[in-house]
Amino acid sequence: MISAQAAFAPTYARARVQFLEAAATAGMAITSHNHPLPGREGETLAMDVALDGDPDAERLLIVSSACHGAEGFCGSGVQVFAAHDAEWRAHARAAGVTVLYIHALNPHGFSWVRRVTHENVDLNRNFQDFSQPLPQNPAYAELHALLLPETWPPGPDNQAALDVYVATQGPARYQAAVTQGQHAVADGLFFGGTAPTWSNLTLRQVLRSQAQKAHRLAWIDLHTGLGPRGVGERICACHDDPAALARARRWWDGNGQTPVTSIYDGSSTSARLTGLMWGAAYEECPQAEYTGIALEYGTLPIADVIHALRADHWLHQHPEAPAAQQQAIQQQMRDTFYVNTDAWRAQVVVQARQALFQAVDGLSR
């Protein structure tokens, strides 16, 4: 067993070592898909995959981290803890459930403490059919110049203009306009891309090679940044399908103690999004009944999260910024998506562990 505190790492490089060591010690089958670019410390970047159990099992649970790179500090910690957790692993084996850990879906963002991929793409907006017209977000186009002004920090006129938008349109509409995704402004916020990213293509390869035998497939994708601090919201990660939502709620709502929310009925803290990553489960594993959640841990209020992302994207546009300003913005990003306290890490592990057990029990019914 490992402590909740020791499972979390201060850098991507260290997180990767801890994950690979834990998986190897547990006897898992490990496959690494190397990224084409180096990391912040010059380290090799990779999407690492560890399979715990029978590769031909009919029941498969995927546990993934760092879809949004900077959120990987949390997700990796959960995965490392789980790999050391003998009771959890025995429970999955006894139920005939194989667990597939996907560590660092977006290793570049994890290493550089950015939410986006090296293509400046939000991976969780990138799973579109690029042969068809892409979704439009004209509201974002209206806001882009205000969100990313020429100078940082923005002046009072900029804040006043955003305040007017929020006052007239409402906070929910502002959040949706900014976060739902857009495909028109390549250096903008929540850019979904115009082609599949490296992470998109690599994840599909993983699903094709590792999940083709499953008849029942579950997925817990680990995120941070929305909701009350330390609370893990269970957001249904399925199509707008009443049966899939009902199944997710049977598995994960804990008799009402841990409710499962949905972007389709307005119960989630997330806006309604398109191009979501879990869509690949339907496309690459059509043989399986699929059920999933995004386990989203709160850190800061949404206004602070958006402000940190604005600063990060501004910095990406202005690499000539003074070193002290660069360091401050990068630290702000880390603090926005990872609460570096023992109490928060303990909350994360307890809730994740509960969700893992619930997923196995759901797959076994």
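Source: prediction; values computed, not measured. Residue indices follow the written sequence of each chain, beginning from 1 at its first position. In view of the model being predicted, local features appear only for residues whose pLDDT reaches at least 70, and side-chain atom pairs are presented and counted only at 80 or more, with totals across whole chains, interfaces and linings using the full set of residues. Calculation of side-chain values draws on the structure's entire complement of heavy atoms; hydrogens and water are dropped beforehand.

### Comments concerning the side chain of threonine 299
Tracing the sequence through the fold places threonine 299 in the loop between strand S8 (289-298) and helix H11 (302-317). The class for threonine 299 is buried, based on a relative accessible area of 2%. A polar contact of 2.6 Å, which involves the side chain of threonine 299, links it to the backbone oxygen of threonine 336. Residue contacts are defined here by distance: any two heavy atoms, one from each residue, within 4.5 Å place the two residues in contact. Contact partners of threonine 299, with chain neighbours within four places excluded, come to Thr224, Gly225, Gly227, Arg229, Val305, Thr336, Phe337, Tyr338, Val339 and Trp344. Each helix is a run of DSSP H or I of at least 4 residues and each strand a run of E of at least 2, with the numbering of both proceeding from the N terminus. When accessible area is computed with a 1.4 Å probe and restricted to protein chains, residues below 20% of their type maximum are described as buried, those above 50% as exposed, and intermediate ones as partly exposed. Distance and chemistry together define a polar contact, namely a pair of N or O atoms within 3.5 Å, with one atom able to donate a hydrogen and the other to accept it when in protein, and with adjacent residues in sequence counting only for side-chain atoms on both sides.

### Comments concerning helix H7 (residues 171-179)
When H7 is considered as a whole, its buried residues turn out to be Tyr174, Gln175, Ala176, Ala177, Val178 and Thr179. Lining the buried residues of H7 we find helix H5 (138-147), helix H6 (156-169), strand S5 (216-229) and H11. Positive backbone phi, approximately 110 degrees, marks glycine 181, located one or two places after H7.

### Some points on the sheet that holds strand S4 (residues 97-103)
Pairing is mixed across the open sheet formed by 8 strands, whose spatial order is S1-S2-S4-S3-S5-S8-S6-S7. Each end of this open sheet is capped by a strand with a single partner; those strands are strand S1 (29-38) and strand S7 (260-261). Bridging between strand S6 (residues 232-236) and S7 involves 2 bridges; their strand directions are parallel. By the bridge assignment for S7, arginine 234 is matched with valine 260. Helix H2 (residues 72-84) rests against strand S3 (59-64), S4, S5 and S8 of the sheet, and its axis sits at about 145 degrees to S4. Against the sheet, helix H3 (residues 86-94) engages strand S2 (44-52), S3 and S4, with an angle of about 130 degrees to S4. The pairing criterion for strands is at least two bridges between them, as found by DSSP. Only the contacting stretch of a helix is used when fitting its axis, a line to C-alpha atoms as for every element, and angles between N-to-C directions run 0 to 180 degrees.

### Regarding the packing of aromatic side chains
Only Phe, Tyr and Trp rings take part, Trp by its six-membered ring, and two of them pair if their centres are within 6.5 Å. Stacked means planes under 30 degrees apart, edge-to-face means over 60, and tilted covers everything else. The tally for this structure, following the rule as stated, stands at 11 aromatic pairs. Geometrically, the ring pair formed by tyrosine 12 and phenylalanine 110 is edge-to-face, given 5.2 Å between the ring centres and 70 degrees between the ring planes. With tyrosine 12 in helix H1 (residues 12-25) and phenylalanine 110 in helix H4 (residues 107-112), this residue pair connects regions lying 98 residues apart in the sequence. Like phenylalanine 110, tyrosine 12 is buried. Look at phenylalanine 73 and tyrosine 338: their rings are 5.6 Å apart centre to centre, the planes differ by 25 degrees, and that puts the pair in the stacked class. Of this pair, phenylalanine 73 sits in helix H2 while tyrosine 338 is found in the loop between helix H12 (323-337) and helix H13 (342-364), placing the two residues 265 residues apart along the sequence.

### Digging into the nonpolar core
Nonpolar core, defined: a set of buried Ala, Val, Leu, Ile, Met, Phe, Trp, Tyr and Cys residues in which side-chain atoms within 4.5 Å join the residues together. One finds Leu61, Trp88 and Ile220 to be the most contacted residues of the largest nonpolar core, which totals 112 residues. No other element matches H13, which puts 10 residues into this core. If near-sequence neighbours (up to four positions away) are discounted, isoleucine 220 is found in contact with Leu61, Ile62, Val63, Ser64, Trp252, Ile293, Leu295, Ala355, Leu356 and Ala359. With 7 residues, the next largest nonpolar core counts Ala311, Trp314, Leu315 and Ile329 among its residues.

### Details of the pattern of salt bridges
A pairing counts as a salt bridge when a side-chain nitrogen of Lys or Arg comes within 4 Å of a carboxyl oxygen of Asp or Glu. One pass over the full model with this rule turns up 17 salt bridges. For aspartate 56, the salt bridge identified is with lysine 213, shortest N-O distance 2.9 Å. Taken together, the positions of aspartate 56 in the loop between S2 and S3 and lysine 213 in the loop between helix H8 (198-210) and S5 put the pair 157 residues apart, joining distant regions of the chain. Classification of aspartate 56 as partly exposed rests on a relative accessible area of 45%. Through salt bridges with shared partners, a single ionic network connects Glu71, Arg115, Asp122 and Arg125.

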